[in-house]
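Summary of structural features
Given next are the chains, with one letter for each unit.
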Amino acid sequence: MSVNRRDFLRIAGAAGVAGATSTVAAGSAPATRVSDDWMGMLTDLTLCVGCRKCEWACKDANQLPGQQPIDAYDDKSVFERRRRTDAINLTVVNRYDPAAPGEQPVYVKTQCMHCFEPACASACLVAAFRKTSEGPVLYNENVCIGCRYCMVACPFEMPAYTYDDPFSPAVRKCTMCFDRITKEGGVPACAATCPVEAITFGKRSELLALARDKIAAEPDKYVNHIYGEHEAGGTCWLYIAGKPFDELGFRTDIAATPYPELTRGFLSAVPLVLTLWPALLMGAYAFTQRRDELARAEAEPGENAATEPQPGDHDE
Ligand code: SF4
Ligand code: SF4
Ligand code: SF4
């Protein structure tokens, strides 16, 4: 794999923190072992009709600010620009217009991919992310120091930050509705709400078999590629599509090597990082602490202490 500037920054971010964790025990990312029992999701992009009900359901389930009546999600003007997930939209749907007359547009729902070996966890100094034994990657804001190296490290650019919250800024991303799926019969809100069953929830190993069966049964309908089977070392969220993924906004330059593993090679090549990174990170931490203190001072009671309600389901 060629490593471009963006990847270099991601790998360097993860590498630096891995170096830091050699001196700060709390930051070591737990080793993971691939499990057939991990839960996952399979999005079939040939079925998605772009109704955005999954966006509504996600916001509803996570009690995120800015919710609107479900009918408001019929607004198709949002497809006029490319959207990314952010702190109040943990999943977004984008439209990819047809390249030739007669073709249909393709709608692509994006969210955290729940990587086998998450670069976000590897990059985190204080182990605020962890790969659960059920498969989802979760974030714990109680230990987060706000350095945002997870945002740099993620190859899918999924973690978002609540920049607008001066009191308790935190990272936000899809949890695979962990609180729901760990209850008997629980299904993630987006999958439960999708009117055309474009999103299937289940064991990742079974979803992979389902994806292979679908492709084998209709080879003219699907491209022979299950996105997430190998990308970044494998992810719990999988996709199948009728067009090549590079035409649908997916990064196809991501190697099958997990990003934390790339980190290890980088570390051996740049040992200086091992010694410098802890100081840089602690400097970043001090900076964010100071910034937050100033924000709190500016918003003392009697001035402007109001804040937006915060999502309640983003944490472990
Ligand atoms: S997609 Fe990004 S945020 Fe999600 S688990 Fe992978 S590295 Fe972490
Ligand atoms: S799994 Fe849950 S948190 Fe993730 S996109 Fe779907 S509804 Fe949102
Ligand atoms: S709810 Fe289903 S069909 Fe509608 S946009 Fe989301 S994934 Fe596509």
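Right, let's walk through the structure included here. As the structure is a computational prediction, the values presented were derived from the model and not from experiment.

Attention now goes to the overall build of the chain. Regarding its fold elements, the chain presents nine helices and nine strands. Residues classed as buried in the chain amount to 50% of the 316 residues present. Taking all contacts inside the chain whose residues are at least 6 apart in sequence as the whole, residues at least 24 apart take part in 66%. Carbon and sulfur atoms make up 53% of the accessible area of the chain, which totals about 15,000 Å².

Another point: the site of ligand 2. Around ligand 2, a shell composed of C58, N62, T91, K109, C174, T175, M176, C177, P188, A189 and C190 is seen. Looking at side-chain class alone, the shell around ligand 2 contains seven nonpolar, three polar and one charged residues.

Here we come to the site of ligand 3. Close contacts around ligand 3 come from C48, V49, G50, C51, R52, K53, C54, V93, C194, P195, V196 and I199, and that covers them all. Considered class by class, the residues forming the shell around ligand 3 number nine nonpolar, one polar and two charged.

What follows deals with helix α2 (residues 53-61). Within α2 the residues assigned to the buried category are K53, C54, E55, A57, C58 and K59. Each element contacted by the buried residues of α2 is listed here: β2 (92-96), β3 (106-110), α6 (189-193) and β8 (199-203). Backbone geometry just after α2 places Q63 at a positive phi near 50°.

Here the focus is the layout of surface pockets. One number sums up the size of the largest pocket: a volume of about 390 Å³. Around the largest pocket, the lining comprises 21 residues; the ones closest to its centre are T110, F156, E157, M158 and G249. Of the residues that constitute the lining of the largest pocket, the class distribution is ten nonpolar, five polar and six charged.

Turning our eyes to something else, we now look at the pattern of salt bridges. This model, assessed by the stated rule, comprises 13 salt bridges. Residues E55 and R83 are paired through a salt bridge, measuring 2.5 Å at the closest nitrogen-oxygen approach. Here the residue E55 occupies a position in helix α2, and R83 occupies one in the loop between α2 and β2, the gap between them amounting to 28 residues. With respect to burial, E55 and R83 carry one shared label: buried. Put simply, K221 and E218 hold a salt bridge, and the shortest N to O gap is 4.0 Å. For K221, a relative accessible area of 32% corresponds to the partly exposed category. Within this structure, R52, E55 and R83 form a network of salt bridges that share partners.

Once that is clear, we can look at the sheet that holds strand β9 (residues 237-240). Strand order across the open sheet formed by three strands is β8-β1-β9, with mixed pairing between neighbours. The outermost strands of the open sheet, each flanked by one partner alone, are β8 and β9. Adjacent strand axes in the sheet meet at a mean angle of 25°, parallel and antiparallel pairs treated alike. As defined by bridge partners, strand β1 (residues 39-44) adjoins β8 across five bridges and the pair is classed as antiparallel. Across the sheet, residue G40 finds its bridge partner in β8, namely G202. Most of the contacts of helix α7 (residues 204-217) go to β8, to which it runs at about 130°, and overall it touches β1, β8 and β9.

Definitions and cut-offs
- In this numbering scheme, every chain counts its residues from 1 along its sequence in written order.
- All chains are assigned letters beginning with A, and all ligands numbers beginning with 1, in the order in which they are written.
- At least 70 in pLDDT is required for a residue's local features to be given in this predicted model, at least 80 for side-chain atom pairs to be given and counted, and no such filter applies to totals for whole chains, interfaces and linings, which use all residues.
- Here the side-chain values reflect all heavy atoms present in the structure, with hydrogen atoms and water set aside.
- Helix and strand definitions follow DSSP, with helices as H or I runs of at least four residues and strands as E runs of at least two, each counted in order from the N terminus.
- With a 1.4 Å probe rolled over the protein chains alone, any residue whose accessible area is under 20% of its type maximum counts as buried; one over 50% counts as exposed, and the rest are partly exposed.
- Note on contacts: a residue pair is in contact if any heavy atoms of the two residues lie within 4.5 Å.
- To be clear on the numbers: accessible area is Shrake-Rupley with a 1.4 Å probe, and residue cover counts the displayed protein chains and nothing else.
- If a single non-hydrogen atom of a residue is within 4 Å of a molecule or strand, that residue counts as near it.
- Lys, Arg, Asp and Glu make up the charged group, whereas Ala, Val, Leu, Ile, Met, Phe, Trp, Tyr, Cys and Pro make up the nonpolar group; the residues left over, Gly among them, are polar.
- Both site types are read off a 1 Å grid over the protein atoms alone. A 1.4 Å probe that fits but cannot get out defines a cavity, while an open set with protein on both sides within 12 Å along at least five of seven lines defines a pocket; lining residues have an atom within 4 Å of a point.
- Grid points are joined across faces, edges and corners, and a volume is the space filled by probe spheres set on the points.
- Note on definitions: salt bridges are taken to be side-chain nitrogens of Lys or Arg within 4 Å of carboxyl oxygens of Asp or Glu.
- A pair of strands counts as paired when DSSP detects no fewer than two bridges linking them.
- An axis is simply a line fitted to the C-alpha atoms; with a helix, the fit covers only the stretch in contact. Between two such axes, the angle follows the N-to-C directions and lies from 0 to 180 degrees.

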